[in-house]
Amino acid sequence: MDKTIATVADAVAEIPDGATIMIGGFGGSGAPIELIHALIDKRPRDLTVINNNAGNGHVGIAAMIEQDMVRKMVCSFPRSADPRAFTERYLEGRIELELVPQGTLAERIRAGGAGIPAFYTPTSFGTDLAKGKPVEEFEGRSYVQERWLKADFAIIKAQLGDPMGNLTYRMAGRNFNPLMAMAATRTIAQVSQIVAPGEIDPEQVVTPGIFVNGVVQVANPQQEESLNRQEAVYP
Amino acid sequence: MSDAINAIKLSNAQIAWRAAQDIEDGAYVNLGIGFPEMVAKFQPEGREAIFHTENGVLGFGEAPKEGEEDWDLINAGKKAITLKPGSAFFHHADSFSMVRGGHLDVAILGAYQVAQNGDLANWSTGKGGVPAVGGAMDLVHGAKRVAVVTDHITKKGDPKLLDACTMPLTGVGCVTRVYTSLAVVDIEDGQFVLREKLPALSFDDLQAVTGAPLNVQGTVGDLIVPAL
């Protein structure tokens, strides 16, 4: 078995117009910048993007939005140090927003990957974000029904990967990445290093390869925060 | 009246100091983004709290020196952090399992408004713009204590402690204690119960800037905080 892909361009080549894409990361931490930029080079349009945020500055997801590739964002916190790309389009009615509490977003993605169509959570009960959702009482408390979230593609960032698709992550860069890997029809991971099968201790594998379809090596990946401090713009 | 209050009210650092005094040794604590983060600076001597950040770290420490940031190691406010011995990383579903699953001892959040029944409004002023919620609606459920740190009144002088919130809610009946710039107030059985107030402030003057009745059970302590 060999899931390695030679280039980031090859890795995103199949992503078509209209796709729903989960993109890993929390802010810049764990964000697969090189895969996102390869996607911008290919420029599919009418995308639904699922991420905690809605871009910062002029790189990564913000740059996708600036290229008008994104029809809808599903996120918990579409604000950042420089949220102009999303904000301008949102206020002009050019991009849709589905706002989801952060923990509910994580659990909806987990449920999507775990084959659980709906679940109940206390989060958002009695608030505007629970409107229209079924509510049920368990042990005297009220809970809101939320549904699974799935995607056509997940593009994620990991630290080590092997040809079987096994992955480890780096520090808080783990965040949504292992959940998204489970919830997409096709999951592509960029990793800092591809190692031979067996070199990742099975005890240390965070995402087992069954959840991963493609692995592409990006040594020394860029960090969104560093790019923004250099006032980088992509493309 | 509001000039007199501005002259005696606690600073944000002093409110954070007061809130820190109630955190037990060994407590697992989540601090909201911004003002509540200051609580970490005022851990009482000899007590150690373990701080949780919802993006997936337990046991983080202070900010690194400038130039030593690692941007894979950040907190929920997207600021660089450091690790303490015994820290752990985990993904978002585990992180929010810690939150909703009742594993956190304390969550300390900011507020636009708090109602006497414990309702909290802290995510949206309801005035339009881009809505953003983050983890606020999750954090108000599950922690054994959900405390708020806030000014007692708004910049315009309006009360923030109310009979009912007028802004969009973050959670229903979730707040257990409020540390304000003037007082410490518990929420019990749908009522505000005054626990401490600034000694320079009379009960009537405090009640006048509070939007719902302040109940007294037993003695009201003096809210005394170092200058900082």
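Computed from a prediction, not measured in an experiment: that's the story for all the values here. (Residues numbered from 1 in each chain as written. Chains lettered and ligands numbered in written order. Predicted model: local features only at pLDDT ≥ 70, side-chain atom pairs only at ≥ 80, totals over all residues. Heavy atoms only, no water.)

**Student:** If you had to explain the interface of chain B and chain A to someone new, which residues and values would you point to?
**Tutor:** Counting residues at the interface gives 35 residues for chain B, matched by 46 residues for chain A. Taken together, the two surfaces of chain B and chain A that pack against each other cover about 3,400 Å², and 63% of this comes from carbon and sulfur. The three residues of chain B that bury the most area against chain A are Trp71(B), Asp72(B) and Val130(B), which together make up 22% of that side's buried surface. Where chain B packs against chain A, one counts 3 salt bridges. A salt bridge links Asp72(B) to Arg170(A); the shortest N-O distance between them is 2.7 Å. Inspection of the chain B/chain A interface yields 19 residue pairs in polar contact (both at pLDDT 80 or more). Going through the elements one at a time, α3 (92-100) and α4 (136-139) of chain B are the ones with two or more residues in the side of chain B that touches chain A. Residue composition of the side of chain B that touches chain A, grouped by class: 18 nonpolar, 10 polar and 7 charged. (Contact = heavy atoms within 4.5 Å. Buried area = accessible area lost by both parts, 1.4 Å probe. Salt bridge = Lys/Arg side-chain N within 4 Å of Asp/Glu carboxyl O. Polar contact = N/O pair within 3.5 Å; in protein donor to acceptor, adjacent residues only side chain to side chain. Helix = DSSP H or I, 4+ residues; strand = E, 2+ residues; numbered from the N terminus. Nonpolar A, V, L, I, M, F, W, Y, C, P; charged D, E, K, R; others polar.)

**Student:** Would you mind going over the sheet that holds strand β8 (residues 141-147) of chain A in detail, with residue names and values included?
**Tutor:** All names here are of chain A. In spatial order, the strands read β6-β8-β7; together these 3 strands make up an open sheet with antiparallel pairing. Strand pairing shows two members of the sheet lacking a second neighbour, β6 (118-121) and β7 (135-138), which therefore form its edges. With strand direction ignored, the average angle separating the axes of adjacent strands in the sheet is 40 degrees. Pairing of β7 with β8, which is carried by 4 bridges, proceeds in the antiparallel orientation. (Pairing = 2+ DSSP bridges. Axes fitted to C-alpha atoms, helices over the stretch in contact; angles between N-to-C directions.)

**Student:** Help me get a handle on the nonpolar core, residues and values and all.
**Tutor:** General note: in soluble globular proteins, nonpolar side chains tend to be found buried as a group. Membership of the largest hydrophobic core comes to 60 residues, with the highest contact counts inside it found for Val29(B), Val39(B), Ile108(B), Val114(B), Leu120(B), Val175(B) and Phe192(B). Looking at this core element by element, the count peaks at 5 residues for helix α2 (residues 12-20) of chain B. Those residues in contact with Val29(B), other than ones at most four positions away along the chain, are Ile23(B), Ala49(B), Ile50(B), Phe51(B), His52(B), Leu104(B) and Val106(B). Counting 32 residues, the second-largest nonpolar core is a separate cluster that includes Val12(A), Ala19(A), Val70(A) and Ala85(A). (Core = buried A, V, L, I, M, F, W, Y, C linked by side-chain atoms within 4.5 Å. Buried < 20%, exposed > 50% of the residue type's maximum accessible area, 1.4 Å probe, protein only.)

**Student:** How would you explain the state of the cysteines if you had to name every residue and give the values?
**Tutor:** All names here are of chain B. Applying the stated criterion across every chain yields a total of 0 disulfides over all chains. Unpaired in this structure, Cys165 has its nearest cysteine sulfur neighbour in Cys174, at a distance of 8.8 Å. With relative accessibility at 17%, the residue Cys165 sits in the buried group. (Disulfide = S-S within 2.5 Å.)

**Student:** Describe the packing of helix α5 (residues 102-114) of chain A against α3(B), with residues and values.
**Tutor:** How two helices pack is summed up by the angle between their axes together with the distance between the axes. Running from amino to carboxyl end, α5(A) crosses α3(B) at an angle of 125 degrees, the nearest separation of the two axes being 9 Å. One element, α5(A), and the other, α3(B), form an angle in the oblique class. Considering the relative orientation of α5(A) and α3(B), their crossing is left-handed. Taken together, the residues of α3(B) that come into contact with α5(A) (itself represented by Gln102(A), Gly103(A), Thr104(A), Ala106(A), Glu107(A) and Arg110(A)) are His92(B), Ala93(B), Phe96(B) and Arg100(B). Its residues assigned to classes, the contact of α5(A) with α3(B) comprises 3 nonpolar, 4 polar and 3 charged. (Parallel < 35°, antiparallel > 145°, perpendicular 65-115°, else oblique. Left-handed = near helix turned anticlockwise from the far one by under 90°.)

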